[in-house]
Each structure stands twice: as structure tokens, then as C-alpha cells.
Number of protein chains: 2
Amino acid sequence: MFVLCDGKGWIMDASFFENVKSKDISLPEQVAEQISQLIIDRRLTCEDKLPNEFELAAQLHVGRGTVREAVKLLAARNVLVIRRGKGTFIARHPGEVDDPLGFAYYPDQMRLAMDLLEVRTRLEPWVAAVAAERASAGDLERVRMACLQVEQEVFSGRNHLKRDTEFHIRIAQCTQNLVVPKLIPIIIYSVELFGALNGNALQSETVAEHRTILEALCARDAKSAERAMEAHMEQNRRELQSIMQEVKKRGSQM
Amino acid sequence: MFVLCDGKGWIMDASFFENVKSKDISLPEQVAEQISQLIIDRRLTCEDKLPNEFELAAQLHVGRGTVREAVKLLAARNVLVIRRGKGTFIARHPGEVDDPLGFAYYPDQMRLAMDLLEVRTRLEPWVAAVAAERASAGDLERVRMACLQVEQEVFSGRNHLKRDTEFHIRIAQCTQNLVVPKLIPIIIYSVELFGALNGNALQSETVAEHRTILEALCARDAKSAERAMEAHMEQNRRELQSIMQEVKKRGSQM
């Protein structure tokens, strides 16, 4: 898409409409793309309010109804947030959605969980090693807090799985890599699913393993952090296999 | 969310509405969740048509307008596809969206590209090794085809970057892991971006490197496939760095 900003309105490259026509996308989709490009070009953030429907309609030479549909599309995709009576704002993390790969719709959740664990086993020990090397003092403090919060949930008998994911995200943030913390929630998707089945059987192991990882990170010992994470992944694998056997025994289908 | 199917309609667990209330989500969002859960529970696929608005409204005890809004939300998220005059269908890959992590909205695209490459360098050589071990004859044929298509684009002076991504996805599919081929388009995001800047400087290197990877896969030589992919990543890294220096020199901002 080619949209040029002239500071007041937008001038569209002639090739834009040819492009659009050949792709056969709806008018609200086209307008959604233009608004999305506006956010990118002007580097708008969650502090910024989108111009109102009237202004956008006038600038884009389309009806208000089309603008409204385009805004709804972008809200559904978490690019915009509509606040009743306040206006439309840019989302905090534009374009980031829950379950972005549609894992919930996969028919074979067991196989998905095994395949996710294969990817985690490849990535997370490396993440832990890099984290040990690059973490700031503040990063480590946040890992420690997340570790404590998992323990609190476990000791008070509550479900600790959300906190567990947070612990792994906090470690990923220590790498200073923009992408790694975003990948963790995707590849850790199965944790909640299988935690629910597993009935918290391995909570004490989780607490001990998390502690070992935390200590290695604080000691900035990359090799130990990597090994501790490997052990944690191996424990997860054994857990997942025992759940799969249990499910098979029950003869029930996931 | 708790929705029980009784074969005719849906019976909702009482805790569902409490849940909804506490989350403060809109009615169309609630209905979208219910439709989404219906797709999951009944294992509907892209062959399946969604019941029409009247039926859904009656089953869910909401107005047709709400159903229409919910369907639009799910269409915006690529869970449903609305075909004019034909009805609403389940998407081919429900819930999978372009740029699912919202990378287009990142202000520092250079840093993003470097960080993506760090992840690729960790993952893709491993993917190539696993691919060499697990690929079927059909998988290898598809890698070979993708390799040829990249070469055709390069030799005819066209942009080969879409085909390049496809080549890497085809290798990922050889792993038989459900998740790996889905991660490739995410972590390869920068290829198109920097290909555009780079002006196809390294096409002959790309062709030669792809060939080496393909040969290692066909020989089912995991070690060589891994090393060939490492070399390819290293070449990408050098390329990216030279682009970054070029951009700095020009004093322009990405």
C-alpha cells in the first residue's frame, strides 16, 4: 500500500487503487488499511486518539458508515480501542491478539501440546542462557517477583498457571530481544490446557525448578540457567506424557 | 467459558454470565465467544457453513443485530469468512492472522529485524536438521519446487521474497511439527522489509545457499542441513548489517 502523508490529509498513489481492485477487498477493509498505515507512518501510540469519524470520512473521501466499519475491524484486531463517550484510541500493543495462530481451533490438542513442547525445549533453555548474560538488575527483580507469585498461588492452593506463564515471559524479557517475550505466550499455550487436566500434580516440582532457574539467573551463570531450564522442560515432557496416558486410559477424547 | 451442547441448542453454565459480567465485555463479544466455542466443540472446518442469523439469534437468545456484529468480529479475526449471497463459512485456518504480533506497528524496525534474525538463527538451523531426519519424499519434493520457484524469480529479475518465505516454510513442514511452520512466517517477517531496501544485492548467494540446504535435506544429512542453514543465517546477518550501515549513512530514519 502506498499512502503519502502531506501533513494535512493523505494523498494516495495511483497504484494503490489498482492494487486494491486486484485484491478484491471490501471498502471498509481498504479504509482499515489506510488508518492502519496512518498509525504506522505517524508513529501513533496508545496515548493518541484517532481523529473522529467526520474528519476521517472527509479526509478519506468515504462515508461515515464506512469509517465506522473500518474502525470496528481494527478494534476487532486490537489495533484500536473504542472507549464509549471518549473516542477511539490506539491500542497499547496494536495488532497483538490472543491465540494469534488459532491453536484453540486445532482438532488434535494433544499433538499440538507435544509439538509446542518440542519448540519450547529448543527455545527456552537458550532464552534462559541469554537472559543470564543480559539481564539488568531490574529484570532480575521482576523474575524474582514472578517466581514468588507462582509460589504464593501454589501454597494457597490456587491455580498458578497464569503466573507460571508470566515467570517465563519475565525471563524472556531479560534477553533484551523484542521478539522472544512475544513468542513465549504462543509456545506456552498448552500450559493452561494441560494444567487443568493434570490437577496440579507437579506443583512442588515446579516451585523447586523455578527456584533453580532464578538462582542461576541471579548468579549470571548462563550454563546453569540453560541446564535448569532443560530440566524444567524435561519435567514438563514427562508430565505431558503421563497426562496423555491418563486420557487414553479413560478412553476420552480431547 | 462454559458452553454445553445438547445437540439441538446450547445450555450455558450459570458461571458463564458471572464471568462475562466481571470481564465487562460487550454483548457482541460474548456472542462471538460462544460462536467460537461452537466451532471448537463441534469441530467445524472450512467445509462447514455457519447456521444463519435467524437460527443463531434464536439459539443464543439475542437479537439478529448482535449476531451480525459478532459474525463481523469473527470475520475480522479470520475465524469466519462471509461470502456474499452464499452465507458465512468457517475460515480455512481459523484465528490465524497476518502479522499476529503487530510487528508493523513497532517504531524501531531495524532493531526488530536484528532481534528477529537472532531468533531465526536459533531456530532455523535446528529446523533444517530435524527436517532432514523426518521429511517424507513428498515433503522433499515440495522443498525442491519452492527452491526452483525462488530461482525462477531471481533469474527473471522479479522479487523473490514471497517465494523465499515459502521455501523456509516448506522446510519447516518437513519437521512434521504442527507449530514450526506457523512460526516461520512470524520470525521471517523482516525478509520482505529488508529485501526491499537491499535491492536484491545478494540473490546469487541466496540461490547457492538454498541449493546447499536442499541437497543436504535430500541426502537426509541433518548435520550438513544444520550447517548450511547456519551459513544462510550468517549471510542474512551480514546483509542486514550492511543495510543498516547504508541507512545510517543516508541519515534517513526507518
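Use the structure listed above.
Since the model is a prediction, treat every value here as computed from it, not as a measurement.

1. A short note on the overall build of chain A
Looking only at helices and strands, chain A features 11 helices and four strands. Among the 254 residues that make up chain A, the fraction classed as buried is 46%. In chain A, once contacts between residues fewer than 6 apart in sequence are set aside, the share between residues at least 24 apart is 67%. Of the accessible surface of chain A, which amounts to about 12700 Å², a share of 51% is contributed by carbon and sulfur atoms.

2. Details of unusual backbone geometry
Here Gln176 of chain A, not a glycine, exhibits a phi torsion of approximately 65°, which is positive. Secondary-structure assignment places Gln176 of chain A in the loop between helix 7 (161–173) and helix 8 (180–187). One non-glycine residue with positive phi stands out, namely Asn78 of chain B, at about 60°. Assignment of secondary structure puts Asn78 of chain B in the loop between helix 4 (64–76) and strand 3 (80–83). The exposure class of Asn78 of chain B is partly exposed, given its relative accessible area of 26%.

3. Quick word on the interface of chain B and chain A
Listed by partner, the interface residues are 43 residues for chain B and 43 residues for chain A. For the chain B and chain A pair, buried surface summed over both sides reaches about 4200 Å², with 61% attributable to carbon and sulfur atoms. Summed over the shared surface of chain B and chain A, the result is four salt bridges. Ionic pairing is found between Glu118 of chain B and Arg134 of chain A, a salt bridge with its closest N-O pair at 2.5 Å. In this structure, the connection of chain B to chain A is made through 17 residue pairs in polar contact (both at pLDDT 80 or more). Those elements that provide at least two residues to the side of chain B that touches chain A are helix 2 (27–41), helix 4, helix 5 (109–134) and helix 8 (180–187) of chain B. Sorting elements by how many residues they give to the side of chain B that touches chain A places helix 5 of chain B first, with 10 residues. Class assignment for the residues of the side of chain B that touches chain A results in 26 nonpolar, five polar and 12 charged.

4. A few points about the relation of the copies chain B and chain A
Superposing chain B onto chain A requires a rotation of 180° together with a translation of 0.0 Å along the rotation axis, leaving an RMSD of 0.0 Å. The relationship between the two copies is best expressed as a two-fold rotation axis. Proximity to the rotation axis, assessed at the C-alpha, singles out Pro100 of chain B in chain B; its C-alpha lies 2.7 Å from the axis. When you check the interface residues of chain B against chain A, 100% turn up at the interface there too, and the contact is symmetric in its surfaces.

5. Some details on the environment of Ala104 of chain A
Looking at the secondary structure, you find Ala104 of chain A in the loop between strand 4 (87–90) and helix 5 (109–134). In this structure, the C-alpha to C-alpha distance between Ala104 of chain A and Val67 of chain A, residues 37 residues apart in sequence, is 31 Å. Discounting residues that sit within four places of it in the chain, Ala104 of chain A has contacts with Asp99, Gln109 and Tyr189 of chain A together with Ile40 of chain B.

6. A few points about the pattern of salt bridges
This structure, assessed with the given rule, holds 36 salt bridges over all chains. Of the charged contacts in the structure, one is a salt bridge between Glu96 of chain B and Lys182 of chain B, with a shortest N-O distance of 2.8 Å. Of this pair, Glu96 of chain B sits in the loop between strand 4 (87–90) and helix 5 while Lys182 of chain B sits in helix 8, and the two are 86 residues apart along the sequence. Because the salt bridges share partners, they merge into one network encompassing Glu69 and Lys72 of chain A together with Glu69 and Lys72 of chain B.

7. Comments concerning the packing of aromatic side chains
Inspection of the entire model under this criterion finds two aromatic pairs over all chains. Ring centres of Phe103 of chain A and Tyr106 of chain A lie 5.3 Å apart, and the angle between their planes is 90°; on these two criteria the pair is classed as edge-to-face. What makes Tyr106 of chain A buried here is its relative accessible area of 15%. If you follow Arg64 of chain A out to its NZ or CZ, it ends over the ring of Phe54 of chain A, 4.1 Å from the centre. The ring of Phe89 of chain B carries the charged tip of Arg83 of chain B above its face, separated from the ring centre by 4.4 Å.

8. Section: the side chain of Ser36 of chain A
The topology assignment puts Ser36 of chain A in helix 2 (residues 27–41). Using a relative accessible area of 14% as the deciding quantity, one classes Ser36 of chain A as buried. Once residues within four sequence positions are removed from consideration, Ser36 of chain A is found in contact with Leu74 of chain A together with Tyr105 of chain B.

9. Comments concerning helix 4 (residues 64–76) of chain A
Think of an α-helix as turning once every 3.6 residues; residues three or four places apart then point the same way. Between its first and last C-alpha, helix 4 of chain A extends 18 Å over 13 residues, near the 18 Å set by a 1.5 Å rise per residue. For helix 4 of chain A, the complete set of buried residues consists of Thr66, Val67, Ala70, Val71, Leu73, Leu74 and Ala76 of chain A. Here the buried face of helix 4 of chain A lies against helix 2, helix 3 (53–60), strand 3 (80–83) and strand 4 of chain A together with helix 4 of chain B. Just downstream of helix 4 of chain A lies Asn78 of chain A, where phi reads positive at about 60°.

10. Focus on the packing of helix 5 of chain A against helix 8 of chain A
Residue and element names in this part refer to chain A. In the contact formed by helix 5 and helix 8, the axes pass within 10 Å of each other and the chain directions differ by 150°. When the axis of helix 5 is compared with that of helix 8, the two are roughly antiparallel. The way helix 5 lies across helix 8 gives a crossing that is left-handed. Residue-level inspection shows Leu116, Val119, Arg120, Leu123, Glu124, Trp126 and Val127 of helix 5 in contact with helix 8, the latter providing Val180, Leu183, Ile184, Ile186 and Ile187. Its residues assigned to classes, the contact of helix 5 with helix 8 shows 10 nonpolar, no polar and two charged.

11. Considerations on the nonpolar core
Counting residues in each nonpolar core, the largest one holds 91 residues, and the members touching the most others are Ile171, Leu183 and Leu217 of chain A together with Ile171 and Leu217 of chain B. Sequence-distant contacts of Leu217 of chain B, that is, excluding residues within four places in its chain, are made with Ala128, Ala131, Ala132, Leu140, Val143, Ile171 and Ala225 of chain B. Ranked by size, the runner-up nonpolar core spans 41 residues in total, among them Leu50 and Ala76 of chain A together with Ile39 and Val62 of chain B.

12. Some thoughts on the environment of Glu246 of chain B
Mapping Glu246 of chain B onto the fold places it in helix 11 (residues 222–250). The sequence separation of Glu246 of chain B and His160 of chain B amounts to 86 residues, and the corresponding C-alpha distance is 22 Å.

The rules behind the values
- Residues numbered from 1 in each chain as written.
- Chains lettered and ligands numbered in written order.
- Predicted model: local features only at pLDDT ≥ 70, side-chain atom pairs only at ≥ 80, totals over all residues.
- Heavy atoms only, no water.
- Helix = DSSP H or I, 4+ residues; strand = E, 2+ residues; numbered from the N terminus.
- Buried < 20%, exposed > 50% of the residue type's maximum accessible area, 1.4 Å probe, protein only.
- Contact = heavy atoms within 4.5 Å.
- Areas by Shrake-Rupley, 256 points an atom, 1.4 Å probe, with all protein chains shown as cover.
- Buried area = accessible area lost by both parts, 1.4 Å probe.
- Salt bridge = Lys/Arg side-chain N within 4 Å of Asp/Glu carboxyl O.
- Polar contact = N/O pair within 3.5 Å; in protein donor to acceptor, adjacent residues only side chain to side chain.
- Nonpolar A, V, L, I, M, F, W, Y, C, P; charged D, E, K, R; others polar.
- Least-squares fit on C-alpha atoms with pLDDT ≥ 70 in both.
- Phe/Tyr/Trp six-rings, centres within 6.5 Å; stacked < 30°, edge-to-face > 60°.
- Lys NZ or Arg CZ within 6 Å of the ring centre and 35° of its normal.
- Expected span 1.5 Å × (residues − 1).
- Axes fitted to C-alpha atoms, helices over the stretch in contact; angles between N-to-C directions.
- Parallel < 35°, antiparallel > 145°, perpendicular 65-115°, else oblique.
- Left-handed = near helix turned anticlockwise from the far one by under 90°.
- Core = buried A, V, L, I, M, F, W, Y, C linked by side-chain atoms within 4.5 Å.

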